[in-house]
Amino acid sequence: MSDVKSNFIPYEPDRLDSLVDGETVGESNPKISRGRFGSRAAAVQALYESDSSGHPALTAVSRLALERNLSEEDTNFAIELVGECENQRAELDQKIQQFAVQFPTEQMPMVERNVLRVAIAELNMKDSAPNNVVANEAVELARLFGSHTSPKFINGVLGALLR
């Protein structure tokens, strides 16, 4: 046998152990305010769910609005946003591609793609908030749901689009 001492510890729990035991690691259900921001968040999540699982986005947004206790006005706004995104998907993706030329839409992460779809759809609506508000809210949604680089990417694409 060798006289070399090993620093091996046979079992040391890590953060993944709690995941295996059925508990979440990190914050998987962040606090989302109500109002228009809540509507936009529900729309992004519903579109993401639809892209990833095939569930109907309109059904998903209605469920999310109910779970979050969104007002009737905010629920209707979320449903309208999702409807616009679903009905104009090709046009929205073309617009995204026009301003994110280095990043093909079909290869873009789902969070970023759906945040951009919601923002551009809202910008096209008659009763939309001011452009800078829509862009700022989109950046906040990217910060909430995306990676650490998502807000910068969303800001760059929407900044180019709004110039």
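Model, not experiment: these values are computed from the prediction. (Residues numbered from 1 in each chain as written. Predicted model: local features only at pLDDT ≥ 70, side-chain atom pairs only at ≥ 80, totals over all residues. Heavy atoms only, no water.)

(A) Expanded view of the packing of aromatic side chains. Summed over all chains, the structure comprises one aromatic pair. Between Phe103 and Phe153, the ring centres sit 5.4 Å apart and the planes meet at 70°, which makes this aromatic pair edge-to-face. In this pair, Phe103 sits in the loop between α5 (89–99) and α6 (110–124) while Phe153 sits in helix α8 (residues 150–162), placing the two residues 50 residues apart along the sequence. If you follow Arg36 out to its NZ or CZ, it ends over the ring of Phe77, 3.8 Å from the centre. (Phe/Tyr/Trp six-rings, centres within 6.5 Å; stacked < 30°, edge-to-face > 60°. Helix = DSSP H or I, 4+ residues; strand = E, 2+ residues; numbered from the N terminus. Lys NZ or Arg CZ within 6 Å of the ring centre and 35° of its normal.)

(B) Representation of the environment of Thr149 within the structure. Summarising the element assignment, Thr149 is placed in the loop between α7 (131–145) and α8. In sequence terms Thr149 and Glu112 are 37 residues apart; their C-alpha atoms lie 9.9 Å from each other.

(C) Summary view of unusual backbone geometry. With a phi angle near 55°, Asn69 is a residue other than glycine that sits in the positive phi range. With respect to the secondary-structure elements, Asn69 resides in the loop between α3 (57–67) and α4 (72–87). Residue classification places Asn69 among the exposed residues on the basis of a relative accessible area of 52%. (Buried < 20%, exposed > 50% of the residue type's maximum accessible area, 1.4 Å probe, protein only.)

(D) Up close: the packing of α7 against α8. In the contact formed by α7 and α8, the axes pass within 8 Å of each other and the chain directions differ by 160°. As the angle between them shows, α7 and α8 are arranged roughly antiparallel. Judged by the sense of rotation from one axis to the other, the crossing of α7 with α8 is right-handed. Facing Asn131, Ala135, Ala138, Val139, Ala142 and Arg143 of α7, the residues of α8 in contact are Ser150, Pro151, Ile154, Asn155, Leu158 and Leu162. Taken together, the residues that form the contact of α7 with α8 break down as eight nonpolar, three polar and one charged. (Axes fitted to C-alpha atoms, helices over the stretch in contact; angles between N-to-C directions. Parallel < 35°, antiparallel > 145°, perpendicular 65-115°, else oblique. Left-handed = near helix turned anticlockwise from the far one by under 90°. Contact = heavy atoms within 4.5 Å. Nonpolar A, V, L, I, M, F, W, Y, C, P; charged D, E, K, R; others polar.)

(E) Quick peek at empty space enclosed by the protein. Under the counting rule described, the total for this entry stands at one cavity of 30 Å³ or more. Of the pockets and cavities examined, the largest cavity occupies roughly 40 Å³. Lining the largest cavity, in full, are Arg40, Val115, Val118, Ala119, Glu122, Val134, Glu137, Ala138 and Leu141. Elements with a minimum of two residues in the lining of the largest cavity: α6 and α7. Its residues assigned to classes, the lining of the largest cavity comprises six nonpolar, no polar and three charged. (1 Å grid on protein atoms, 1.4 Å probe; cavity = no way out; pocket = protein on both sides within 12 Å on 5 of 7 lines; lining within 4 Å. Points joined across faces, edges and corners; volume = space filled by probe spheres on them.)

The values are spatial; any link to function lies outside them.
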